[in-house]
Amino acid sequence: MKWTDITRIAEELNDKYPDVDPLTVRFVDLHNWVLGLDGFDDDHQRGGEKVLEAIQMAWIEEAK
């Protein structure tokens, strides 16, 4: 899984953290959680603010 797999990352986060409101997650924590997902294999420095914002928005949609 790469940073560009926004939807898949959001699905994985929703499965792993079902009781977390994505709106309350700080980007530092979100970054670390993505890095800790099973199957995630990408450069940790590529996860900038715009990517994290896109992941957060996709996670919000997934959590509905």
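Residues numbered from 1 in each chain as written. Predicted model: local features only at pLDDT ≥ 70, side-chain atom pairs only at ≥ 80, totals over all residues. Heavy atoms only, no water.

1. Structural notes on the overall build of the chain
Here is step 1: Of regular secondary structure, the chain possesses 3 helices and 0 strands.
Here is step 2: Going from N to C terminus, the chain has its helices and strands arranged as α-α-α.
Here is step 3: For a compact globule of 64 residues, the expected C-alpha radius of gyration is about 11 Å, and the chain comes in at 10 Å, within 12% of that figure.
Here is step 4: The principal-axis extent of the C-alpha atoms belonging to the chain is close to 30 × 20 × 15 Å.
Here is step 5: For the chain, buried positions account for 31% of its 64 residues.
Here is step 6: Summarising the internal contacts of the chain: among those between residues at least 6 apart in sequence, 73% fall at separations of at least 24.
Here is step 7: Of the roughly 4200 Å² that the chain leaves accessible, carbon and sulfur atoms contribute 46%.
Here is step 8: The distance from the centre of the 7 positive side-chain charges to the centre of the 15 negative ones in the chain is 4 Å. (Helix = DSSP H or I, 4+ residues; strand = E, 2+ residues; numbered from the N terminus. Rg over C-alpha atoms; globule rule 2.2 N^0.38 Å. Buried < 20%, exposed > 50% of the residue type's maximum accessible area, 1.4 Å probe, protein only. Contact = heavy atoms within 4.5 Å. Areas by Shrake-Rupley, 256 points an atom, 1.4 Å probe, with all protein chains shown as cover. Lys, Arg positive; Asp, Glu negative; His and termini not counted. Charge placed at Lys NZ, Arg CZ, Asp CG, Glu CD.)

2. Things to note about helix H2 (residues 27–35)
Here is step 1: Of the positions making up H2, those classed as buried are Leu-30, His-31 and Val-34. Buried residues of H2, viewed axially, fall in a sector of 100°; they line one side.
Here is step 2: The inward-facing, buried residues of H2 abut helix H1 (6–16) and helix H3 (49–63). (Arc of directions from axis to C-beta.)

3. Some words on the environment of Asp-42
Here is step 1: Its place among the elements puts Asp-42 in the loop between H2 and H3.
Here is step 2: Note: C-alpha distance between Asp-42 and His-31 (11 residues apart in sequence) is 12 Å.
Here is step 3: Sequence-distant contacts of Asp-42, defined by excluding residues within four places in its chain, comprise Met-1, Lys-2 and Trp-3.
Here is step 4: A polar contact is formed between the side chain of Asp-42 and the backbone nitrogen of Trp-3, at a distance of 3.0 Å. (Polar contact = N/O pair within 3.5 Å; in protein donor to acceptor, adjacent residues only side chain to side chain.)

4. Considering the nonpolar core
One broad rule of soluble globular proteins: the nonpolar side chains tend to lie buried together.
Here is step 1: Core analysis: the largest hydrophobic core is formed by 14 residues, its most contacted members being Ile-9, Leu-13, Leu-30, Val-34, Phe-40, Ile-55 and Trp-59.
Here is step 2: With sequence-adjacent residues up to four places away left out, Leu-30 is seen in contact with Leu-13, Val-25, Leu-52, Ile-55, Gln-56 and Trp-59. (Core = buried A, V, L, I, M, F, W, Y, C linked by side-chain atoms within 4.5 Å.)

Shape descriptors only; they carry no functional weight alone.
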